[in-house]
Each structure stands twice: as C-alpha cells, then as structure tokens.
Amino acid sequence: MTEDRSLYLPNLAVIDRIAQETWDTKTFRAVFSDPGLRDAFTYHPGQFQEVSVFGVGEATFCLASTPTRSGYIEFSAKRVGALTSALHELSEGDVVGIRGPYGNWFPHEEMRGKRLLFVGGGIGMAPLRSLLNYCLDRRSDFGHIDIFYGARTPGDLCYTEEFEAWRNAPDVNLYLAVDKGDERWTGYVGVIPRYVREVAPKAENAVAITCGPPVMIKFTLPELQQLGFTDEQIITTLEMKMKCGVGKCGRCNIGHTYVCLDGPVFTYAQIRRLPQEF
Amino acid sequence: MSDQYPQRILPKAALRRWLERLLVSHRLVGPVADTETVTSYRPVGPEPMLRLSGPRPTVSPKAHLLPQTETLFTFQGSGPALALTAAAPDATPTVVFGVRPCDARALRRLDDVFLGRTERDVHYENRRQATVLVGLACATPSWGCFCTSVGGSPAGTEGLDMLLTDLGDRYHVAVLTPPGEELAASAETVEATANDAEAVRAQHAEAAARMPPEFELEAALRNVRWEAPLWAQVAERCLACGVCSFLCPTCHCFDMQDEVTPDGGVRFRCWDTCQFSEFTQMGAGHNPRPTQTERARQRVSHKFKYLVEEFGRAGCTGCGRCVERCPVNIDIRAILREFAGEGQ
C-alpha cells in the first residue's frame, strides 16, 4: 500500500464461500486477490469494513470472522436494500471490493481473564461471533463464557452450524432463545432479557458484550444492571449510516463523536454520555 | 498585513499581462460573470474576463478543491476478470484568482477534515498542494455577509498566499507566502508608497465598519445546545432543498456512488448534505435523524459546536451565501444571535 493510495480505492477479493444463514441472511467468505494482502490483512474483533459490489455501490459490514483464522474474512448480510440485494445475487467466484479494517474494536486485551457474557439478537450476532470465535481460539486467555443468542423464530438464527462447536467448547454455556418456536424447537421460548434474568450470570469480574435490535438492548440493560453489571462492564457496537469509513464523508457522527473513528464499539458508560441520536 | 515581504503596487493596466503570464504555467481559475447577478469561479483562458469588483461571488471556489462530482476510480470487466483503475491524480498547478478572505479561511476548514483527522485524502491533497490562492479584499460586503462576527475580516489573510486590495486604478499587492512571492515575481509591480499603505488601511477599515458583528461569537458557541426549541422552529420553515450546504464554502460532506458504463463503471463522490432525509437513512429503514428538526440541529451544531470541540474553530466563515440564497429566509445569523443572547 503506497502512501498516496486513495482512501477510497478498495482491494479486490473473491467470494469463495456463501452460506445461507436464514431466509434473508447470508454469510460471505472473501479471499483477497492479492496474495500478499491475504497474509498481511489483519484486524481486531469488532472492526468493520466497506464492501463494494461494483456497479451498485458500497456499504458497511462488521467483520464476522476472527483474525485468529487467517487467509479469509467473513461478513454477514441481511437482505434489506439495494447493496445487500446485489450481494445476495452474487455467486461463489464473484469479485467484490473491500476497504478496511476500520474503527475501534472490542477491548479483548482488557477482557483477558474475565468472565464473558455475550448477548446477541438476530443479525446482531455477527460482530459478537468475531469476538466469540477469537476467544474460543484463545480459550485459556478468558474465563467462563455464557452466550445468549435470540431470534424471532428458529429459522432466524444465524451461525447454526457453529452451535455445536460453541456448546462443546470448554467452560462455555450456549443459551438459545426464540420468540416463537416451531414443532422441532425444544429450546427456550421467550425474550432474551427474561432468559438472562432467569440464568442470572455473575457480574463479578465479568464483561457483557451485546449487539442486537434496539428493543432487545433496551430491555436487557436493566437486567444486566440488576445482576450487578456497571455501565463500564457493558459493551456494545453501534450501527450508523457510513460511506467513507475514515471520518471524511460526515454522516456517522453522533454529536462530535464519529462512529467510524471513535467507534463502533462503546461501553454503555460512553453511550450514556452521547447525545441520544442513533 | 505581513511585514515579511515588501508591499507592491500593480497598475490595473498591467493586470491582464500578469494573468496571461500565469496562464502559461498554471490553470487559472477566477470569478466569471455567469449572468448579470450570478458570479462563480471558473477556469479561464487567454484574455481572461474576470469580475473582480462587487461583493463576493455567488458561488465559492470550493469546487476547484472539492469538485461537486469527482471520479475516485473506474472498474473494467466483470466476474473474476474485474479490475480497478485509480483516478489519475489532479495536481495541475492552479492559481485561484480573486479569492475572498471568507472563502480562503473556509479552505483551511476543509484542510482540517481532508488533510487532518487521521488519514489524508489524496484527491483533495493533490489539488490543494498544487493550488495558489490570490486573494482580493472585499470593499463592498454583501447584505448577508457576517465574516466579522465569526472571527474573520473583509481583508483577512488566513489561508491566502497573496492579498490584493483594489485602489481604483491600481491594486495593492501584499505577498503572504513563498508561493505567493513566486507568483508576484511575474507581475509588473512597483513599490508601494506610504500613501498606498494608508489607502489600504482606510479601505479595509471602512469595509469592516460596514459589517459590525451580528452576535458575540463566544456566547453563541457556549450556548448552542442539543435541547433547544429553536431547532424545531427552523425545521418548520426549512424545505430541505440543501442550497445552504451546496453554496457553503466549508460544507464538505459527500456521498459515493457507482455509475455503470458499457464496459464497466465509475465510483464517484459527490457533494451531499445533512439536510436530506436519506443522508443518514440506513438500509433496513432506521434513520437516526428522522425529521428536519434533527437535521437543522446537525447543520448548525456541526459548524458551531462539534468542529469547535474537535479543531478549536468554528466551521463557518460568515460568507453569508446561505443567508442570501435560502428560499425561505432562514438566517443562520438570527439563529446564532438568539443563542448568543440567551442568559444575558
């Protein structure tokens, strides 16, 4: 990468695997076309990237893969707009553009030795999966892990192929929940905040990492506080409309905080200090 | 005025010859009459016809540093054969002539964003480094002008390489930087006299006196705040046309889009504005600024709060174009006056 390279020029990458996660969500595995970059590209769980479908445009996706598994990156996309629809039309072997990694990350260094509580909802599991798989690959660096993951129906759960690996990892509990079960669902039926209250994970020496629909976060926070989690012990990642990813295009700011530069990862204590516009 | 360089006088009869010499080595951009009442900065050729008198031009020279649309790269082919070609750097030596002090200061604000705040934007940087700014002091401020209210002056030199002052049959030339000195070398100037210097001082003072400060800036900056009934009042009138942003010399927000051509396409960026509802609208539908009230707050707060917190200076240089061209007469001076007057 030369010094005079445009900030907006993506690196080409080949989509080498597409996983249909749910009826509207796919996970794309991308391998950089430049072999040097394939090895050199590294990142932290929680960072994001800009993905181009040439001829359609570019959009922001968090990295859903972990840097501990190198050679490729992964991101998940729910089909919602023009760019994600175009992504969903891609086939294995197609080429996309990738810029990044951008933004800050989950403070995994500070999480060492601590109990981790993951609370994810729907597609919000994507950034948590990056950190979760990172922690599982360095299992001895972290304490007990509880994973709460909820979706509207069993068919809306992503990363189902990995549930066995998560569940079988040492000292890990996986708590799956759906709002509405089906004939095959034998797990928990109910909302995530209530499930968290019932299981009551310990707050002592713990960090809660949450991402999901605003309504889930809104009702999970009081439960976490009830369990003794302070605002500094609760970490989330914010989604804002972004274009450049590098603090130039001027649209992801919340007050003077640029989510692309100062975020997307914030503690709940930091979020409380932000103007409520996100 | 800088004492580093001797002050010179350029007879108006020698202006044309100077401009033509500059044209040999530079792209020359200057204020050109589009219509009787509209002036904008455009590249000019031999026999340049510049509109150098009157108030500051209708449109600022921003587009010559941050074009309204600009190709970032092109793509060719498709599938596995797809290839990218970066846009060629635009580093043509350029003189922007007749830049008003408000617009030169505004470029310093663009520098904060495009050359500072982490990484440099090479598209902007290439043009910026290749550009010399020849300023022209404002003798006749326009009715919406308020540079003196935001720390500027009709003869301010911030960001300029040279400042000309129109003294009737001649220009007073104040060289401000080495690139300015280099340009001035090709002008047929004579040394300025004490009388010239006095005439310049008088003109600058007279122009400033025609624009007494509209509000106390420090008080306005202190009081601009999130929860203010004013935002909703502004929003009620706002048509969300975006003309304030598009004419603003410091507004820099942009969009990036693709355009498809028969053999590939281009990724271009174009000016955008926080006044449009789509600006922050996310793919799945959520919009953190759902109404014009949040957008009114964003535009004013960005300039008078967030940029101040980040760079220590306001993102407005008082050119007054938004005041004069707003179709529903939203006047940012009145907004700031109201904030400045609170608690007094």
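Everything quoted here is computed from the prediction, not taken from an experiment. Per chain, residue numbering runs from 1 following the sequence as it is written. All chains are assigned letters beginning with A, and all ligands numbers beginning with 1, in the order in which they are written. Given that this is a predicted model, residues contribute local features only at a pLDDT of at least 70 and side-chain atom pairs are listed and counted only at 80 or more, while totals for whole chains, interfaces and linings are drawn from all residues.

### Things to note about the overall build of chain B
For step 1, the next point in the chain: Strands here mean DSSP runs of E at least two residues long; helices mean DSSP runs of H or I at least four residues long; both are numbered from the N terminus. When its secondary structure is counted, chain B shows eleven helices and twelve strands.
For step 2, the next point in the chain: Against the compact-globule benchmark of 20 Å for 344 residues, chain B has a radius of gyration of 22 Å, which places it among compact chains.
For step 3, the next point in the chain: Seen along its three principal axes, the alpha-carbon backbone of chain B occupies a region of about 65 × 65 × 40 Å.
For step 4, the next point in the chain: Counting over 344 residues, chain B shows a buried share of 44%.
For step 5, the next point in the chain: Considering only intrachain contacts with a sequence separation of at least 6, the fraction spanning at least 24 residues in chain B is 71%. We compute the radius of gyration over the C-alpha atoms and compare it with the globule rule, which gives 2.2 Å times the number of residues raised to the power 0.38. Counting other C-beta atoms within 10 Å of each residue's C-beta, where C-beta atoms are placed from the backbone, gives the exposure class: buried for 20 or more, exposed for 12 or fewer, partly exposed between. Our contact criterion uses C-beta atoms placed from the backbone: two residues qualify when those atoms are within 7 Å.

### Considerations on the packing of helix α7 (residues 229–237) of chain B against helix α9 (residues 292–311) of chain B
Residue and element names in this part refer to chain B.
For step 1, the next point in the chain: To obtain an axis, a line is fitted to C-alpha atoms, over the contacting stretch when the element is a helix, and the angle between two such axes runs from 0 to 180 degrees between their N-to-C directions. Orientation of α7 relative to α9, taken along the N-to-C sense of each, is 110°, at an axis distance of 8 Å. Relative to α9, α7 is oriented roughly perpendicular. In the packing of α7 onto α9, the handedness of the crossing is right-handed. Along its contact with α7, which presents Trp-231, Ala-232, Val-234 and Ala-235, the element α9 presents Gln-292, Thr-293, Ala-296 and Arg-297.
For step 2, the next point in the chain: Taken together, the residues of the contact of α7 with α9 sort by class into five nonpolar, two polar and one charged. We call two directions roughly parallel when the angle between them is under 35 degrees, roughly antiparallel when it is over 145, roughly perpendicular when it lies between 65 and 115, and oblique otherwise. Note on convention: near helix rotated counterclockwise from far helix by under a right angle means a left-handed crossing. Clockwise means right-handed. For this classification, the nonpolar set comprises Ala, Val, Leu, Ile, Met, Phe, Trp, Tyr, Cys and Pro, the charged set comprises Asp, Glu, Lys and Arg, and every other residue, Gly included, is treated as polar.

### As for the interface of chain A and chain B
For step 1, the next point in the chain: Contacts between the two partners involve 37 residues from chain A, matched on the other side by 38 residues from chain B.
For step 2, the next point in the chain: Broken down by secondary-structure element, the contributors of at least two residues to the side of chain A that touches chain B are β1 (11–22), β4 (57–62) and α2 (82–89) of chain A.

### Digging into the pairing of strand β5 (residues 83–86) of chain B
One face of the sheet, then the other: side chains in a regular strand alternate in exactly this way.
Residue and element names in this part refer to chain B.
For step 1, the next point in the chain: Sheet analysis places strand β4 (residues 69–76) next to β5, joined by four bridges and oriented antiparallel. Across the sheet, residue Gln-76 finds its bridge partner in β5, namely Ala-83.
For step 2, the next point in the chain: By this definition, two strands are paired if DSSP reports at least two bridges between them. The loop that links β4 with its antiparallel partner β5 comprises six residues; one of these, Gly-77, has a positive phi angle of about 75°.

### Focus on the sheet that holds strand β1 (residues 8–11) of chain B
Residue and element names in this part refer to chain B.
For step 1, the next point in the chain: Taken together, the eight strands give an open sheet; going across it, the order is β3-β2-β6-β7-β8-β9-β1-β10, and neighbouring strands pair in mixed fashion. Taken across any chain shown, the strands that pair with only one partner, and hence form the sheet edges, are β3 (39–44) and β10 (190–191).
For step 2, the next point in the chain: Bridging between strand β8 (residues 162–166) and strand β9 (residues 170–175) involves five bridges; their strand directions are antiparallel. Considered in β9, the bridge of Asp-166 is made with Tyr-171.

### Some thoughts on the environment of His-302 of chain B
Residue and element names in this part refer to chain B.
For step 1, the next point in the chain: On the secondary structure map, His-302 appears in helix α9.
For step 2, the next point in the chain: The spatial distance from the C-alpha of His-302 to the C-alpha of Thr-273 is 12 Å, given a sequence separation of 29 residues.
For step 3, the next point in the chain: With residues near it in sequence (within four places) discarded, His-302 still touches Leu-307 and Gly-315.

### What to know about the domain arrangement of chain A
All names here are of chain A.
For step 1, the next point in the chain: Each domain span listed reflects an automatic or database assignment of domains. Domain parsing of chain A yields domain 1 (11–102) and domain 2 (115–237).
For step 2, the next point in the chain: Here the C-alpha centroids of domain 1 and domain 2 sit 24 Å apart.
For step 3, the next point in the chain: Facing the 15 residues of domain 1 at the interface are 15 residues of domain 2.
For step 4, the next point in the chain: Listing elements by their share of the side of domain 1 that touches domain 2, those giving two or more residues are β1 and β5 (73–78).
For step 5, the next point in the chain: Classifying every residue of the side of domain 1 that touches domain 2 gives six nonpolar, seven polar and two charged.

### Description of helix α3 (residues 125–137) of chain A
All names here are of chain A.
For step 1, the next point in the chain: The span expected for a helix works out to 1.5 Å for each residue beyond the first. If you check α3, its first and last C-alpha atoms are 18 Å apart, about what 13 residues at 1.5 Å a residue would give, namely 18 Å.
For step 2, the next point in the chain: Counting buried residues in α3 gives eleven out of 13 residues, a clear majority hidden from the surface.
For step 3, the next point in the chain: Turning to α3, its buried residues number three or more, namely Met-125, Ala-126, Pro-127, Leu-128, Arg-129, Ser-130, Leu-131, Leu-132, Asn-133, Tyr-134 and Cys-135.
For step 4, the next point in the chain: Along its buried surface, α3 packs onto β4, β5, β7 (115–121), β8 (145–151), β11 (206–211) and β12 (234–237).

### Description of the domain arrangement of chain B
All names here are of chain B.
For step 1, the next point in the chain: In terms of domains, chain B is made up of domain 1 (8–62 + 88–209) and domain 2 (217–341).
For step 2, the next point in the chain: In this structure, domain 1 and domain 2 have C-alpha centres spaced 26 Å apart.
For step 3, the next point in the chain: The interface of domain 1 with domain 2 comprises 22 residues on the first partner and 17 residues on the second.
For step 4, the next point in the chain: Across the side of domain 1 that touches domain 2, the residue classes tally to ten nonpolar, six polar and six charged.

### Concerning the packing of helix α5 (residues 192–199) of chain A against helix α6 (residues 214–226) of chain A
Residue and element names in this part refer to chain A.
For step 1, the next point in the chain: The contact between α5 and α6 brings their axes to 8 Å, and the two run at 20°. Looking at the two axes, α5 sits roughly parallel to α6. Crossing angle aside, the handedness with which α5 passes α6 is right-handed. Within the contact between the two elements, α5 uses Ile-192, Pro-193, Val-196 and Arg-197 and α6 uses Met-216, Phe-219, Thr-220 and Glu-223.
For step 2, the next point in the chain: Of the residues that constitute the contact of α5 with α6, the class distribution is five nonpolar, one polar and two charged.

### Side note on the environment of Thr-58 of chain B
Residues and elements named next belong to chain B.
For step 1, the next point in the chain: Positionally, Thr-58 belongs in the loop between β3 and β4.
For step 2, the next point in the chain: A tally of 19 C-beta atoms within 10 Å means that Thr-58 is categorised as partly exposed.
For step 3, the next point in the chain: Sequence-wise, Thr-58 and Leu-28 are 30 residues apart; in three dimensions their C-alpha atoms are separated by 19 Å.
For step 4, the next point in the chain: If we skip the residues at most four places from it in the chain, Thr-58 touches Val-38, Thr-39 and Ser-40.

### Let's talk about the pairing of strand β12 (residues 264–271) of chain B
Residue and element names in this part refer to chain B.
For step 1, the next point in the chain: By the bridge criterion, seven bridges tie β4 to β12 in an arrangement that is antiparallel. Looking at the pairing, Phe-73 lines up with Arg-267 of β12.
For step 2, the next point in the chain: Across eight bridges, the pairing between strand β11 (residues 254–261) and β12 is antiparallel. By the bridge assignment, Val-260 is partnered in β12 with Gly-265.

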